[in-house]
Amino acid sequence: MRLIHLKNMVEHKVIVDTSVLLAASLNHVCQEEGNLQIEDNFHKISKPLFEHFEMNIDKEYGIITYEIELSAKTQIVNAFLKKIAQKNKIHFTTINLNKYSFSLIKINEALDRNIRLLTRVPINERELTEILKKVSNFYGKLSRNIDKLNPQTRINRRVRSVNFGLRSFERIFATEDESKNFIIHPKLIDKLKRHPPDLKDYRILAQAIYIKKRDKSGNTIVSITSTDYHFSKIRLEDGSLHDYIPSKIEQTFHIKCDWPDEILSLIK
């Protein structure tokens, strides 16, 4: 009975990244373009999370900081215009903003409705500065260690570890075992070296760590929901997910990072 009681005491606090807040808000029939459907690529997996927040508003699952809120309000217009440009095959900078005044009102209203479902948490910047150093070191270490995951290097190491006469067979088996990593490794290289996390990413993770530190009960699970691969699992072409980066975040900082549909399954 005691175990059941402790389980029921667990609380969830989900920091909503800008990417998910925008995705949940951007689903609009644009009358100015002949009722053209404008929808974020991740709307369908993001909106149900906000519906769950609304149905459980008293539990205050969803968390936002002023920084994330401001970022979403700043980006929503460009996100909409880029979708218009994509549909019409033009560059979004050539679009006449005044043409879409009605649609811009509607998408900003949708964003405001979703923001009202979230609890804004104040952040102590002095404490955050120290946490940011740890986050920066963490991503730096990930970037330095990524070469160790090179599948070709791992195959060669396995082949060298067996007798010469068995090496051709071992190479076949090792190549088969590493087949998925030939897809994953370049994606990790891209996200950690070619397009590494920026200060905004550092700050979101640092804010999650800060909120986790504020929990004195030890019963709060703090998560980040994001479609950004600097936090969440890499989604492969076959639909499977690879969790190298989020698993390292969870091991190091005890913060769970995942896609909105996965986070929804966690807190239900």
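Here the structure is shown first, and the text comes after it.
Conventions adopted
- Residues numbered from 1 in each chain as written.
- Predicted model: local features only at pLDDT ≥ 70, side-chain atom pairs only at ≥ 80, totals over all residues.
- Heavy atoms only, no water.
- Helix = DSSP H or I, 4+ residues; strand = E, 2+ residues; numbered from the N terminus.
- Buried < 20%, exposed > 50% of the residue type's maximum accessible area, 1.4 Å probe, protein only.
- Areas by Shrake-Rupley, 256 points an atom, 1.4 Å probe, with all protein chains shown as cover.
- Axes fitted to C-alpha atoms, helices over the stretch in contact; angles between N-to-C directions.
- Parallel < 35°, antiparallel > 145°, perpendicular 65-115°, else oblique.
- Left-handed = near helix turned anticlockwise from the far one by under 90°.
- Contact = heavy atoms within 4.5 Å.
- Nonpolar A, V, L, I, M, F, W, Y, C, P; charged D, E, K, R; others polar.
- 1 Å grid on protein atoms, 1.4 Å probe; cavity = no way out; pocket = protein on both sides within 12 Å on 5 of 7 lines; lining within 4 Å.
- Points joined across faces, edges and corners; volume = space filled by probe spheres on them.
- Patch = residues over 30% accessible without salt bridge, like charges linked within 9 Å, V, L, I, M, F, W, Y side chains within 5 Å.
- Salt bridge = Lys/Arg side-chain N within 4 Å of Asp/Glu carboxyl O.
- Phe/Tyr/Trp six-rings, centres within 6.5 Å; stacked < 30°, edge-to-face > 60°.
- Pairing = 2+ DSSP bridges.
- Polar contact = N/O pair within 3.5 Å; in protein donor to acceptor, adjacent residues only side chain to side chain.
- Core = buried A, V, L, I, M, F, W, Y, C linked by side-chain atoms within 4.5 Å.

(A) Local environment of the overall build of the protein chain. Within the protein chain, the regular secondary structure consists of 12 helices and 9 strands. Over its C-alpha atoms, taken along the principal directions, the protein chain stretches across nearly 75 × 55 × 40 Å. Scored against the burial criterion, the 268 residues of the protein chain give a buried share of 43%. Only carbon and sulfur atoms are counted for the fraction: they give 52% of the accessible area of the protein chain, which is about 15,100 Å².

(B) Looking closely at the packing of helix 7 (residues 151-160) against helix 8 (residues 167-177). Remark: helix 7 packs on helix 8, axes separated minimally by 9 Å, with the N-to-C direction vectors making an angle of 150 degrees. Between helix 7 and helix 8, the angle falls in the class roughly antiparallel. Both helix 7 and helix 8 take part in a crossing whose hand is right-handed. Here Gln152, Ile155, Asn156, Arg158, Val159 and Arg160 of helix 7 lie close against helix 8, whose contacting residues are Arg167, Glu170, Arg171, Phe173, Ala174, Thr175 and Asp177. Counted by class, the contact of helix 7 with helix 8 contains 4 nonpolar, 3 polar and 6 charged residues.

(C) Highlighting the layout of surface pockets. What the largest pocket holds in volume is close to 300 Å³. Along the walls of the largest pocket sit Ser19, Leu22, Leu26, Asp40, Asn41, Phe42, Gln75, Asn78, Ala79, Lys82, Lys83 and Thr227, which together make up its complete lining. Looking at the lining of the largest pocket, the elements that each hand over two or more residues are helix 2 (18-25) and helix 4 (66-88). Among the elements that line the lining of the largest pocket, the one with the most residues is helix 4, at 5 residues. By residue class, the composition of the lining of the largest pocket is 4 nonpolar, 5 polar and 3 charged.

(D) Local environment of a nonpolar patch on the surface. A cluster of nonpolar side chains, namely Leu166, Phe169, Ile172 and Phe173, defines an oily patch on the protein surface of about 430 Å² accessible area. Looking at the element boundaries, Phe173 is found in helix 8.

(E) Representation of the packing of aromatic side chains. Inspection of the entire model under this criterion finds 7 aromatic pairs. Aromatic side chains Phe138 and Tyr139 sit 5.2 Å apart centroid to centroid with 70 degrees between the ring planes, which places their arrangement in the edge-to-face category. Here the two residues Phe138 and Tyr139 agree in accessibility, since each one is buried. Every member of this aromatic cluster is reached through a ring pair, and the members are Phe138, Tyr139, Tyr202 and Phe253.

(F) A look at the pairing of strand 1 (residues 11-16). The buried fraction of strand 1 is high, at 5 of 6 residues. The pairing of strand 1 with strand 6 (residues 220-225) spans 6 bridges and is parallel. Along strand 6, the bridge assignment pairs Lys13 with Val222. In this sheet, strand 4 (residues 62-64) lies alongside strand 1 in parallel orientation, the contact comprising 2 bridges. Following the sheet pairing, Val14 is matched in strand 4 by Gly62.

(G) Here's a closer look at the environment of Asp40. Counting through the fold element by element, Asp40 comes out in the loop between strand 3 (36-39) and helix 3 (43-55). Overall, Asp40 belongs to the buried group, its relative accessible area being 16%. Each C-alpha atom, one on Asp40 and one on Leu26, is 5.5 Å from the other, the two residues being 14 residues apart in sequence. What Asp40 contacts, discounting residues up to four positions off in sequence, is Ala23, Leu26 and Lys83. A polar side-chain atom of Asp40 sits 2.8 Å from the main-chain amide nitrogen of Phe42.

(H) A look at the nonpolar core. The biggest cluster of nonpolar side chains holds 66 residues, and the ones touching the most others in it are Phe53, Phe80, Tyr139, Leu205, Ile249 and Ile255. With 8 residues, the top contributor of residues to this core is helix 10 (residues 199-214). When neighbours within four sequence positions are excluded, Leu205 is seen to be in contact with Val135, Phe138, Tyr139, Ile224, Phe231, Ile249, Phe253 and Ile255.

By themselves these figures say nothing about function.
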